[in-house]
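Here's the letter readout for the chains.
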Amino acid sequence: MQNCLRAYAERYDDENNSPFVEPDENVLKAVSLPTVEECQRVMNFDTRNDENGANAGKRRDESAGRGAKNGLMVSAPPATNRGLVKYDGEEYLPNWGGYDGGVEASIFGDWKDENAFNLFALQANRCKQAADDGDLEASMMEVGKFVWKVSEKGANCGFFKYKWVLESHGVKLYAHSNPKNSIPAFRVRFGAECLMRTNLFEAVETLKNALREIGFIWETEKVSRVDMQVLLPVDIYEFVDAMKGSRVVTKCRGKCEMVSNCSTMRIETITLRSQNAELCIYDKRAQVYQSDQLYFLTFHEYVMRDSKMPEHLTRVEFRFRREMLARYGIDTFQQLRESQEALPQVFGRDWFRILERDKVRGSENVIKDAPIWRRTMKAFKYYFSRDFTNQKRSDDLRKHKPTKLPPKAERLVKQAVGCLASVVAVVKSGVLGVSDVLEECGNVLKKEGDALYMKVVRKQIVNDIVHAYAPNGAGKFDCRDEIEMALLHPWVQDYYKLW
């Protein structure tokens, strides 16, 4: 497969050869840029403020780091009935790699007949107007066996303007109002909320079936963005230290950025960014704790499975855009599935590498990779081998409630307590104890009970439909009838139940 990908790349280079272009990472011909290497030596990937804690991860005792890693591998429960898998001398948790950085594609096809499209457009327009009016219930529509929330706005995506934007279970679907000739009828983005739960290729088949049920015939697609990632229980400074000196070999002709946290002065992100591809190495632990509460809970339930977050967790992510995918002959999801094992191996060799020692001009291909980069490539090979990714990741995950609130939810609770304290302080002349304060808070909330109830229900509906998140792990609002009933006043619901 690697030979096939390289053949596609050479063919792409030949067919798009032009003397009046600047060389970029898609051109495999050797490019002499001494300035780039000189800048790399100057930059040296060193930390600039070691005394303020930027290199704290490096200074930690190595034996403690090994103990933390071994403790994680021993205590973490298996994500499937296979449990921990040993592969090529390494142990892996089956849900620590995949496409959950996000995948996008344009969908081409035709509507079965004009009536099918007109019915879809009529429903989508009604829901879009309802969303603009603030009517949550009426902004929902069914496509296939799923309820979708329609946005009040359209969106520009790629080269086209899409009139309708639908969201459900972490999938964002853009629909075009005039899909003729070369205009894609739909564009889809499978987000992290979807792909942390579901295998990408199963999600594609599910979407095909949903569109078929409303009369759309999916003919082909063009994949435009693919993010492939793996998680490693290592400190990001293992990569920082490995990249010091002149040990990086890359065809990237864009920018290299390092981002540090101003509070700790620790490096949290290393990004190599070009026009058609990116490599991002970042502290996943820090990113998760800075994320919104729904992502926090989803990550802990489906990736960490509510086990303790390891002391260090680094994510390595390859991000391929359309031109890079085309260069390797990947247009459809089937071609991506056939190439997924070889693609990161080729990319991690041809586009970016970390060497175990400083490079010497002409000897880059004979110097071995750094141990941390070899470990990364092993992880990519395991997580994207065809026999593993054919499995459904979410089938055997245990159902359990979150053990604690995410950090942002905890801050919201503190804000609510502060707001209630301010109200009680001005409406109560004196308090005798905790029970007195709670009683007064209860009186305040009772006055706003109806509004509070409806706000909670509306937020639960949006979390369930758009983000596929429910507090107990099982969604309640899977059809329009349940949504309509939930949005009724409680005494109206009781009246209906009597009948």
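Description of the structure in this document. Note that the coordinates shown come from a computational prediction; the quantities given were computed from them, not determined experimentally.

## What to know about the pairing of strand β9 (residues 164–168)
For β9, the tally of buried residues reaches 4 of 5 residues, placing the bulk of the element in the interior. Bridging between strand β6 (residues 146–150) and β9 involves 2 bridges; their strand directions are antiparallel. Paired with valine 150 across the strands is leucine 166, a residue of β9. Hairpin connection from β9 to strand β10 (residues 171–175): 2 residues lie between these consecutive antiparallel strands, with histidine 169 at a positive phi of about 55°.

## Here we look at the pairing of strand β4 (residues 103–111)
Across 5 bridges, the pairing between β4 and strand β11 (residues 186–190) is antiparallel. Note on β11: the bridge partner recorded for serine 106 is arginine 187. Relative to strand β12 (residues 216–232), β4 runs antiparallel, the two being bridged by 9 bridges. Across the sheet, glutamate 104 pairs through a bridge with arginine 225, a residue of β12.

## Observations regarding helix α7 (residues 200–213)
Helix length check: α7 (14 residues) gives 20 Å between terminal C-alpha atoms against 20 Å at 1.5 Å per residue, within 8%. All of the buried residues along α7 are Leu200, Phe201, Ala203, Val204, Leu207, Ala210 and Leu211. With a side-chain oxygen positioned 2.9 Å from the backbone nitrogen of phenylalanine 201, the residue opening α7 is asparagine 199.

## Examining the packing of aromatic side chains
Under the definition given, this model contains 24 aromatic pairs. Seen in terms of ring centroids, phenylalanine 318 and phenylalanine 320 are 6.3 Å apart; in terms of plane orientation they differ by 65°. Their pairing is edge-to-face. Residues phenylalanine 318 and phenylalanine 320 agree in their burial class; the two are buried. The interplanar angle of 75° and the centroid separation of 4.9 Å between the aromatic rings of tyrosine 382 and tyrosine 383 together place this pair among those described as edge-to-face. For tyrosine 382, a relative accessible area of 3% puts it in the buried group. Taken together, Tyr99, Phe201, Phe318, Phe320, Phe347, Trp351, Phe352, Trp373, Phe380 and Phe384 form an aromatic cluster joined through their ring pairs.

## Comments concerning the side chain of glutamate 268
Take glutamate 268: it is sitting in strand β15 (residues 267–273). No salt bridge is formed by the buried glutamate 268. Its closest oppositely charged neighbour is arginine 266, at 6.3 Å.

## Overview of a negative patch on the surface
Together, Asp132, Asp133, Asp135 and Glu152 make up a negatively charged patch on the protein surface. Within the secondary structure, aspartate 132 sits in helix α5 (residues 114–132).

## As for helix α18 (residues 449–467)
Under the 1.5 Å per step criterion, the end-to-end length of α18 is 26 Å for 19 residues, consistent within 8% with the ideal 27 Å. All of the buried residues in α18 are Val457, Ile461, Asp464, Ile465 and Val466. Structurally, α18 contributes buried residues whose contacts are with β5 (140–143), β6, β9, α6 (192–195) and α19 (480–486). Positive phi appears at alanine 468, one or two residues downstream of α18, with a value of about 55°.

Reading the values: rules and limits
- Residues numbered from 1 in each chain as written.
- Predicted model: local features only at pLDDT ≥ 70, side-chain atom pairs only at ≥ 80, totals over all residues.
- Heavy atoms only, no water.
- Buried < 20%, exposed > 50% of the residue type's maximum accessible area, 1.4 Å probe, protein only.
- Helix = DSSP H or I, 4+ residues; strand = E, 2+ residues; numbered from the N terminus.
- Pairing = 2+ DSSP bridges.
- Expected span 1.5 Å × (residues − 1).
- Polar contact = N/O pair within 3.5 Å; in protein donor to acceptor, adjacent residues only side chain to side chain.
- Phe/Tyr/Trp six-rings, centres within 6.5 Å; stacked < 30°, edge-to-face > 60°.
- Lys, Arg positive; Asp, Glu negative; His and termini not counted.
- Salt bridge = Lys/Arg side-chain N within 4 Å of Asp/Glu carboxyl O.
- Patch = residues over 30% accessible without salt bridge, like charges linked within 9 Å, V, L, I, M, F, W, Y side chains within 5 Å.
- Areas by Shrake-Rupley, 256 points an atom, 1.4 Å probe, with all protein chains shown as cover.
- Charge placed at Lys NZ, Arg CZ, Asp CG, Glu CD.
- Contact = heavy atoms within 4.5 Å.

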